[in-house]
Amino acid sequence: QVQLVESGGGLVQPGGSLRLSCVASGFTFSSYTMSWYRQAPGKERELVALITYGGGSTNYADFVKGRFTISRDNDKNMVYLQMNSLKPEDTAVYYCNAVHRILKGLNYWGKGTLVTVSS
């Protein structure tokens, strides 16, 4: 059974940091591009960052460049999102996503973890 389980969300003050984690099971993790998306209330889901299956390449949305870092550990089936200098507009549910590097129809989602940035 395929599972993606996010953790690490919570309430943080502006300027603070959080580290999100996502543990994967039920598929060959090292064959998948992993991404973090987010969805704020009343807004569409948007891509935050992605990392290729081997970890050799990353890509970030402009609104998080220089503040967020995505990484992965293929031995542990984990992907992480280190979030620094958080802003109130970063408040959203953050989702972990997996897409096979060749078979794009193999596309899995976690249930999300809520990040709230507020003083």
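What follows concerns the overall build of the protein chain. When helices and strands are counted, the protein chain shows zero helices and eleven strands. Taken from the N to the C terminus, the helices and strands of the protein chain come in the order β-β-β-β-β-β-β-β-β-β-β. A globule of 119 residues ought to have a C-alpha radius of gyration of about 14 Å, and the protein chain, at 14 Å, matches this closely. Dimensions along the principal axes, computed over C-alpha positions, put the protein chain at roughly 40 × 25 × 25 Å. Here the protein chain, with 119 residues, has 41% of them falling under the buried criterion. Of the contacts made within the protein chain by residues no fewer than 6 positions apart, 54% connect residues no fewer than 24 positions apart. Here the protein chain displays about 6,200 Å² of accessible surface, and carbon together with sulfur accounts for 47% of that area. Considering the protein chain, the positive charge centre built from 12 side chains and the negative charge centre built from 8 side chains are found 3 Å apart.

Turning our attention to the packing of aromatic side chains. Per the counting criterion, the structure on display carries five aromatic pairs. Both rings, one in phenylalanine 27 and one in tyrosine 108, keep their centres 5.3 Å apart while their planes meet at 45°; by these two values the pair is tilted. Residue phenylalanine 27 is found in the loop between β3 (18–25) and β4 (32–39), and its partner tyrosine 108 is found in strand β10 (residues 107–109); the two are separated by 81 residues along the sequence. Over the ring of tyrosine 95 we find arginine 45, and its NZ or CZ is 3.7 Å from the ring centre. In this structure, arginine 72 is placed above the aromatic ring of phenylalanine 29, and the distance from its NZ or CZ to the ring centre is 4.4 Å.

Applying the stated criterion to the full structure yields four salt bridges. The partner of arginine 38 in a salt bridge is aspartate 90, and the shortest N-O contact between them spans 2.9 Å. One end of the pair, arginine 38, is in strand β4; the other, aspartate 90, is in the loop between β8 (78–83) and β9 (92–100), and 52 residues separate them in sequence. You'll find arginine 38 and aspartate 90 in the same group, each marked buried. For lysine 65, the salt bridge identified is with aspartate 62, shortest N-O distance 3.2 Å. In this structure lysine 65 comes out as partly exposed when scored by relative accessible area, which is 48%. Look at the salt bridges and you will find they share partners, linking Arg38, Glu46, Arg67 and Asp90 into a network.

Procedures and definitions
Residues numbered from 1 in each chain as written. Predicted model: local features only at pLDDT ≥ 70, side-chain atom pairs only at ≥ 80, totals over all residues. Heavy atoms only, no water. Helix = DSSP H or I, 4+ residues; strand = E, 2+ residues; numbered from the N terminus. Rg over C-alpha atoms; globule rule 2.2 N^0.38 Å. Buried < 20%, exposed > 50% of the residue type's maximum accessible area, 1.4 Å probe, protein only. Contact = heavy atoms within 4.5 Å. Areas by Shrake-Rupley, 256 points an atom, 1.4 Å probe, with all protein chains shown as cover. Lys, Arg positive; Asp, Glu negative; His and termini not counted. Charge placed at Lys NZ, Arg CZ, Asp CG, Glu CD. Phe/Tyr/Trp six-rings, centres within 6.5 Å; stacked < 30°, edge-to-face > 60°. Lys NZ or Arg CZ within 6 Å of the ring centre and 35° of its normal. Salt bridge = Lys/Arg side-chain N within 4 Å of Asp/Glu carboxyl O.

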